[in-house]
Amino acid sequence: PKEKSWTGSNFYFYQGFWCPSIVLRAVISFQKHFQACDSDIIVSTFPKCGTTWLKALTFSTLYRNQFAWDENPLLTFGPHQLVRFLEYDIYLNNPFPDLQNVCVYQPRLLSTHLPYASLPTSIKDSNSKIVFICRNPLDMFISLWSFLYKLGDESLEPLSLDEAFDKFYHGIYAYGPFFDHVLGYWKASQENPNKILFLKYEDLKEDINSHLKNLAMFLGVPFTDDEKKQGVVEEIAKICSFENLKEVEVNKKGVHISGIPHTGFFRKGKVGDWSNYLTPFMVERLEKLIQEKMDSSGLTFNLSS
Ligand code: A3P
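None of the values given here were measured: they were computed from a predicted structure. (Residues numbered from 1 in each chain as written. Predicted model: local features only at pLDDT ≥ 70, side-chain atom pairs only at ≥ 80, totals over all residues. Heavy atoms only, no water.)

## A short note on the overall build of the protein
Thought 1: The secondary structure content of the protein amounts to 16 helices and seven strands.
Thought 2: Here the C-alpha atoms of the protein give a radius of gyration of 19 Å, agreeing with the 19 Å that 2.2 N^0.38 yields for 305 residues.
Thought 3: Summarising its shape, the C-alpha atoms of the protein cover approximately 50 × 45 × 40 Å along the three principal directions.
Thought 4: In the protein, which comprises 305 residues, the proportion classed as buried is 56%.
Thought 5: Looking at the protein alone, contacts between residues at least 24 apart form 74% of all its contacts between residues at least 6 apart. (Helix = DSSP H or I, 4+ residues; strand = E, 2+ residues; numbered from the N terminus. Rg over C-alpha atoms; globule rule 2.2 N^0.38 Å. Buried < 20%, exposed > 50% of the residue type's maximum accessible area, 1.4 Å probe, protein only. Contact = heavy atoms within 4.5 Å.)

Shown next as structure tokens:
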């Protein structure tokens, strides 16, 4: 099946999710040809759930001893340039990319929006690790709508909130439905917590320092007592903060390989912004949908800070 995306291009229903037509070939190349190494770290996210933030955090934590502190590459490059998307970038125009060239630092740190079920088997079968982030669907919806509102085909009217809501409710957006995607990673992380670290945007917002310590531990590079005393954890949190990254020159001017201006990845960075947009009727429908879909999974979302 095929559907129009929110911006006028097409989505194909592929392996149970809505795949943007522009990346379908790249997704297939990635699935067919990517060979994971045991040391690989994959940042996997649902779009608009904190990908940019998680890339910055993982990059800074994993490689913190590979550059001088005041030369963190995040001061010069955007998080999406440093941790590249497999399907949106690396495999986009090249079915056989030279991954040794793509990954400047070691171990390799790469990213994807693919659902767990669609990941190449070598990722699942190797000792590679996955860091996943999701977010409450109400904020994710508003973040997505605001993001796409600016990116649409200029000859088309941007999708109204009502129209977008209808598509969102039915799971029709890139990599949707959200619930299937998130539950896929949730279940896999429950079965194998050493392989998948499951994070939520709201939790990171509430206590970034503890989550950074957990992340470092999960990645196999725990912060030493000396580092903790020197305030390294707080420094990483600060450099990766919304307020800081938004003001870095490249993030104010640069353009991602997919044509998206870097500014598009920094909007408000808040929990609960949905309350400024959604009608009570929309909220009620989404709350019911969350309840129905999350059912007895044990996964819950904080809707406000
Ligand atoms: P809002 O649109 O609600 O502001 P993604 O990176 O997955 O595309 O998600 C984008 C969302 O994360 C946007 O949310 C954006 O503002 C927010 N964001 C980007 N960088 C962030 C950071 N360093 N800290 C917290 N939120 C961030």
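## A look at the sheet that holds strand 7 (residues 196-200)
Thought 1: Within the open sheet, the four strands sit side by side as 5-4-6-7. Their pairing is parallel. Two strands in the sheet have a free side with no partner beyond their single neighbour: strand 5 (109-112) and strand 7. Averaged over neighbouring strand pairs, the angle between their axes works out to 20° when direction is ignored. (Pairing = 2+ DSSP bridges. Axes fitted to C-alpha atoms, helices over the stretch in contact; angles between N-to-C directions.)

## Considering the nonpolar core
Thought 1: Counting residues in hydrophobic clusters, the biggest one holds 107 residues, and the most contacted among them are Trp6 and Phe141.
Thought 2: The greatest single-element share of this core, amounting to eight residues, is contributed by helix 7 (residues 137-151). (Core = buried A, V, L, I, M, F, W, Y, C linked by side-chain atoms within 4.5 Å.)

## Some thoughts on the packing of aromatic side chains
Thought 1: Counting across every chain of the model gives 28 aromatic pairs.
Thought 2: Relative to tyrosine 63, the ring of phenylalanine 59 has its centre 5.1 Å away and its plane inclined at 80°; by these criteria the two rings are edge-to-face. Each of the two residues, phenylalanine 59 as well as tyrosine 63, counts as buried.
Thought 3: For the pair phenylalanine 67 and tyrosine 105, a centre-to-centre distance of 6.2 Å together with 80° between the ring planes defines the contact as edge-to-face. One end of the pair, phenylalanine 67, is in the loop between helix 2 (51-62) and helix 3 (79-82); the other, tyrosine 105, is in the loop between helix 5 (99-102) and strand 5, with 38 residues separating them in the sequence.
Thought 4: An aromatic cluster is defined as three or more aromatic residues linked by ring pairs; in this entry it consists of Phe46, Phe141, Phe165, Phe168, Tyr169, Tyr173, Phe178, Phe179 and Phe301.
Thought 5: The aromatic ring of phenylalanine 85 is capped on one face by lysine 55, whose charged end is 3.5 Å from the ring centroid.
Thought 6: The ring centre of tyrosine 116 lies 5.0 Å from the NZ or CZ of lysine 124, which sits over that ring. (Phe/Tyr/Trp six-rings, centres within 6.5 Å; stacked < 30°, edge-to-face > 60°. Lys NZ or Arg CZ within 6 Å of the ring centre and 35° of its normal.)

## Some points on the site of the ligand
Thought 1: Near the ligand there are 18 residues, and of these Thr51, Thr52, Ser143, Lys268 and Gly269 occur at the shortest range.
Thought 2: Lysine 268 places a polar main-chain atom, nitrogen or oxygen, 2.6 Å from an oxygen atom of the ligand.
Thought 3: In isolation the ligand offers 560 Å² of accessible surface; the protein chains occlude 98% of this area.
Thought 4: Listed by contribution, the elements that provide at least two residues to the shell around the ligand are helix 2 and helix 14 (242-247).
Thought 5: Residue contributions to the shell around the ligand peak at three residues, all from helix 2.
Thought 6: Among the residues making up the shell around the ligand, the classes are represented as eight nonpolar, six polar and four charged. (Near = heavy atom within 4 Å. Polar contact = N/O pair within 3.5 Å; in protein donor to acceptor, adjacent residues only side chain to side chain. Areas by Shrake-Rupley, 256 points an atom, 1.4 Å probe, with all protein chains shown as cover. Nonpolar A, V, L, I, M, F, W, Y, C, P; charged D, E, K, R; others polar.)

Geometry only, nothing functional implied.
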